[in-house]
Amino acid sequence: GSFKSGAGKIGNAVMRISGMNAINEIRKGSFGLSLMGAIGNQIKDGLEFGSLHDTDIRTLKHYGITESDWKVWQLSKLDDLGRGNDAVLTSESIARIADADIKKAAGADVDAAAIRRKAIVKLLGAVNTESDFAIVTPGWRERSQFYGDLQRGTVKGEIARSVLQFKSFPWAFLQRGMDAVANMDGPASKAGMTAFLVASTTLAGAMLMQTRDML
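Residues numbered from 1 in each chain as written. Predicted model: local features only at pLDDT ≥ 70, side-chain atom pairs only at ≥ 80, totals over all residues. Heavy atoms only, no water.

S.K.: Please provide a residue-by-residue account of the packing of aromatic side chains, values included.
M.R.: Considering all chains together, one arrives at two aromatic pairs under this definition. Taking 6.3 Å as the distance between ring centres and 65° as the angle between the ring planes, the aromatic pair formed by Phe-49 and Trp-70 counts as edge-to-face. Here Phe-49 is found in the loop between α2 (20–44) and α3 (54–62), whereas its partner Trp-70 is found in helix α4 (residues 67–74), with 21 residues between them in sequence. Among the residues examined, Trp-70 registers a relative accessible area of 1% and is labelled buried. (Phe/Tyr/Trp six-rings, centres within 6.5 Å; stacked < 30°, edge-to-face > 60°. Helix = DSSP H or I, 4+ residues; strand = E, 2+ residues; numbered from the N terminus. Buried < 20%, exposed > 50% of the residue type's maximum accessible area, 1.4 Å probe, protein only.)

S.K.: Any details on the nonpolar core? Residues and values, ideally.
M.R.: In this structure, Trp-70, Trp-73, Leu-89 and Ile-94 are the most contacted members of the largest nonpolar core, which totals 25 residues. Of all the secondary structure elements, the ones that give two or more residues to this core are α2, α3, α4 and α7 (112–134). The dominant element in this core, judged by the number of residues it contributes, is α7, at six residues. Discounting chain neighbours no more than four positions away, the residues touching Trp-73 are Ile-39, Ile-43, Leu-60, Ile-65, Leu-89, Ile-94, Ala-119, Lys-122 and Leu-123. (Core = buried A, V, L, I, M, F, W, Y, C linked by side-chain atoms within 4.5 Å. Contact = heavy atoms within 4.5 Å.)

S.K.: Describe the pattern of salt bridges, and please don't skip the residues or the numbers.
M.R.: The full count for this structure, using the stated rule, is seven salt bridges. Between Glu-48 and Lys-71 there is a salt bridge, with the nearest N and O atoms lying 3.8 Å from each other. Here the residue Glu-48 occupies a position in the loop between α2 and α3, and Lys-71 occupies one in helix α4, the gap between them amounting to 23 residues. Classification of Glu-48 as partly exposed rests on a relative accessible area of 37%. Under the relative-accessibility criterion, Lys-71 is labelled partly exposed at 40%. Between Arg-116 and Asp-99 there is a salt bridge, with the nearest N and O atoms lying 2.7 Å from each other. Residue Arg-116 is found in helix α7, and its partner Asp-99 is found in helix α6 (residues 99–106); the two are separated by 17 residues along the sequence. (Salt bridge = Lys/Arg side-chain N within 4 Å of Asp/Glu carboxyl O.)

Spelled out as structure tokens, the structure:
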């Protein structure tokens, strides 16, 4: 028990001291802000759901966002968060939509609170999932694949966990790449995404090796 607890504390301490946890959270927050800003700018420009780019519509539909949800988003007064982020769609901006405005747009007999809540949930779901996809961070899926059949506190389990402890990031990166390929439409698009991932990761690896040689 003490060995298991100590190993876990050491691993967590390494992540905190290296600053990786804080860096990832900052990057996720920045990406989420950029995404909410991009949506807000399209709303600010008065674009209807059907006028969005095909890839944008496909992404929104992937998260269950429909034209009705988009119309609710359009009712919000976009937030000005400073530093050029003057049209950001946030959960707070959706929460401020008046019941009267929702009923005027969707009908007098609708449940305005439920519609507003659904619009917030769908926005946060899309932003959080896209942030996790863009800023690769190992999650429950990677942990279950690595440790799902390993019993804590046993010799086999603790040895395996110590070996795999810092290997979850490259595995998560590979999983996200495979997800990106799977999300493409048609064999040609899948092949193109695969080629892009192979080329970009090979180039990044070469740049890293050159940098290390220079150092």
